[in-house]
Amino acid sequence: MSERVRISAVVQTYNAEKHLERCLRALAPFDEILVVDMESTDATRDIAARHGARVVVKERGEHRMVEAYRNFAIHEARYDWVLVVDADEIVPRALADYLYAEIGRDPSPRAFLIPIKNYFMGRWMRANYPDYILRFFNRVDAEWPYEIHSRPSHRGPKVHVPASRTDLAFIHLANETVWQTIAKMNNYTDREKSRRSRNYRSVKLVYDPPYRFLKSYVLKGGFRDGWPGFIHAVHDAVYRFVTLAKIQEGREAARPGKDIDRDLAANS
């Protein structure tokens, strides 16, 4: 009988005590739980220790994104098959069983895209589903870019966990309020504008945000989620608009002959 393929579940943390207990409890089926902590000042490391996790403390330094430490975390794991989990996510037991069955059947290096259930105002945002995230892979062929909201590049084949199996989807516990989503927007769009600027054309500022609303609310059925679905679709459009507006602002600043420069020169 061939030896069972082993999996490391990797969680990166910074002051993550709010949801960490439930997150780690759900990771019990895996062969290793590794917590890479960025110098938390709350009870994060104590909670991790209570759940038998191996804790590695990584100096936080000037970086504030978990993406800056993803490669360190996945290569710190004991096993080549790695499941990357955020500290506010739950891995259902059905998904753990599914992943072990898949790599037991075919252990060749691959990457798995997993559906995730996102919540807003307590409602599962079906318009955002399946919102596939690439979080399970053989690390031999993986590299994680240093960019906000990035996902790892993987040279091997990619497999989609079936979205129809909603019992296999990650459960995202964030369930943020309107205040929280707006508070994060300025910081996140600042980080995301560098990624979006590569393929940016000014006309996107006109059509992309309305399309984001249309896609979320109408095409993907956000209207079925009541007022939370409508509010979430508007927020999605505004988020895209702010990102693109910041890119356009940078381009305008680089152009010579701005009105304010001419007016100041004429009155100096």
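Since this is a predicted model, take the numbers as computed values, not measurements.

A. The arrangement of the overall build of the chain in detail. In terms of helices and strands, the chain carries 8 helices and 14 strands. In terms of its C-alpha atoms, the chain occupies a principal-axis envelope of roughly 85 × 45 × 35 Å. Considering the chain as a whole, with its 268 residues, one finds that 44% of them fall into the buried category. Of the accessible surface of the chain, which amounts to about 14,100 Å², a share of 53% is contributed by carbon and sulfur atoms. Separation of charge centres in the chain, based on 43 positive and 36 negative side chains, amounts to 4 Å.

B. Representation of the sheet that holds strand β6 (residues 111-114) within the structure. Across the sheet, which stays open at both edges, the 7 strands sit in the order β3-β2-β1-β4-β10-β6-β13 with mixed pairing between neighbours. The strands lining the two open edges of the sheet, one partner per strand, are β3 (54-57) and β13 (158-160). Averaged over all pairs of adjacent strands, the angle between strand axes in this sheet comes to 25°, irrespective of strand direction. In terms of strand pairing, β6 meets strand β10 (residues 133-138) through 4 bridges, oriented antiparallel. Across the sheet, Phe112 pairs through a bridge with Phe136, a residue of β10. Contacting β1 (7-13), β2 (32-37) and β4 (81-86), helix α1 (residues 17-26) runs over the sheet at an angle of about 180° to β1. Sitting on the sheet, helix α4 (residues 93-105) is in contact with β1, β4, β6 and β10, with an inclination near 155° to β6.

C. Representation of the nonpolar core within the structure. If you look at the biggest cluster of nonpolar residues, it comprises 33 residues, and the most contacted ones within it are Val11, Leu24, Leu27, Phe30, Leu83, Phe136 and Phe170. Elements with a contribution of two residues or more to this core: β1, α1, β2, α2 (44-50), β4, α4, β6 and β10. With 6 residues, α4 is the single largest residue contributor to this core. In this structure Leu24 touches Val11, Ile33, Val35, Ile47, Ala48 and His51, once residues within four positions along its chain are discounted. Core analysis: the second largest hydrophobic core is formed by 15 residues, Val10, Ala73, Ala111 and Ala142 among them.

D. Structural detail: the sheet that holds strand β5 (residues 89-90). With mixed pairing, 3 strands are arranged side by side in an open sheet as β5-β14-β7. Looking at which strands have only one partner, the edges of the open sheet turn out to be β5 and β7 (116-117). Examined bridge by bridge, β7 and strand β14 (residues 170-172) share 2 bridges and lie parallel to one another. Paired with Ile116 across the bridge in β14 is Phe170.

E. How the structure looks around the packing of aromatic side chains. In the structure shown here, the tally under the stated rule is 10 aromatic pairs. A ring pair is formed by Phe213 and Tyr217, whose centres lie 5.4 Å apart and whose planes are at 20°; its orientation type is stacked. Remark: Tyr217 and Phe213 occur in helix α6 (residues 204-219); sequence separation between them is 4 residues, near one turn of the helix. Taking the relative accessible area as the measure of exposure, Phe213 reaches 23% and is therefore partly exposed. Under the relative-accessibility criterion, Tyr217 is labelled partly exposed at 22%. An aromatic cluster is defined as three or more aromatic residues linked by ring pairs; in this entry it consists of Phe213, Tyr217, Phe223, Trp227 and Phe230. When the ring centre of Tyr100 is taken as reference, the NZ or CZ atom of Arg4 above it lies at 4.0 Å.

F. Here's a closer look at α4. For α4, which comprises 13 residues, the first-to-last C-alpha distance of 18 Å matches the rise-based estimate of 18 Å (1.5 Å per residue) to within 8%. For α4, the complete set of buried residues consists of Leu95, Ala96, Tyr98, Leu99, Tyr100, Glu102 and Ile103. Its buried side turned inward, α4 meets β1, β4, β6, β10 and β14.

G. Expanded view of the pairing of β4. Counted residue by residue, β4 has 5 buried out of 6 residues, so it is predominantly covered. For β1 and β4, the ladder comprises 6 bridges, and the chain directions are parallel. Following the sheet pairing, Gln12 is matched in β4 by Asp86. Pairing of β4 with β10, which is carried by 3 bridges, proceeds in the antiparallel orientation. Bridging from a neighbouring strand, Trp81 pairs with Asn138 of β10.

H. Structural context of the packing of α6 against helix α7 (residues 226-254). α7 packs onto α6 with a crossing angle of 160° between their chain directions and a minimal axis gap of 8 Å. Here α6 lies roughly antiparallel to α7, going by the angle between them. In the crossing of α6 with α7, the sense of the turn from one axis to the other is right-handed. Seen from α6, the contacting residues are Lys204, Leu205, Asp208, Pro209, Arg212, Phe213, Ser216 and Tyr217; seen from α7, they are Gly229, Phe230, Ala233, Val234, Asp236, Ala237, Arg240, Phe241, Leu244, Ala245 and Gln248. Class assignment for the residues of the contact of α6 with α7 results in 11 nonpolar, 3 polar and 5 charged.

The rules behind these values
Residues numbered from 1 in each chain as written. Predicted model: local features only at pLDDT ≥ 70, side-chain atom pairs only at ≥ 80, totals over all residues. Heavy atoms only, no water. Helix = DSSP H or I, 4+ residues; strand = E, 2+ residues; numbered from the N terminus. Buried < 20%, exposed > 50% of the residue type's maximum accessible area, 1.4 Å probe, protein only. Areas by Shrake-Rupley, 256 points an atom, 1.4 Å probe, with all protein chains shown as cover. Lys, Arg positive; Asp, Glu negative; His and termini not counted. Charge placed at Lys NZ, Arg CZ, Asp CG, Glu CD. Pairing = 2+ DSSP bridges. Axes fitted to C-alpha atoms, helices over the stretch in contact; angles between N-to-C directions. Contact = heavy atoms within 4.5 Å. Core = buried A, V, L, I, M, F, W, Y, C linked by side-chain atoms within 4.5 Å. Phe/Tyr/Trp six-rings, centres within 6.5 Å; stacked < 30°, edge-to-face > 60°. Lys NZ or Arg CZ within 6 Å of the ring centre and 35° of its normal. Expected span 1.5 Å × (residues − 1). Parallel < 35°, antiparallel > 145°, perpendicular 65-115°, else oblique. Left-handed = near helix turned anticlockwise from the far one by under 90°. Nonpolar A, V, L, I, M, F, W, Y, C, P; charged D, E, K, R; others polar.

Purely geometric numbers; function is a separate question.
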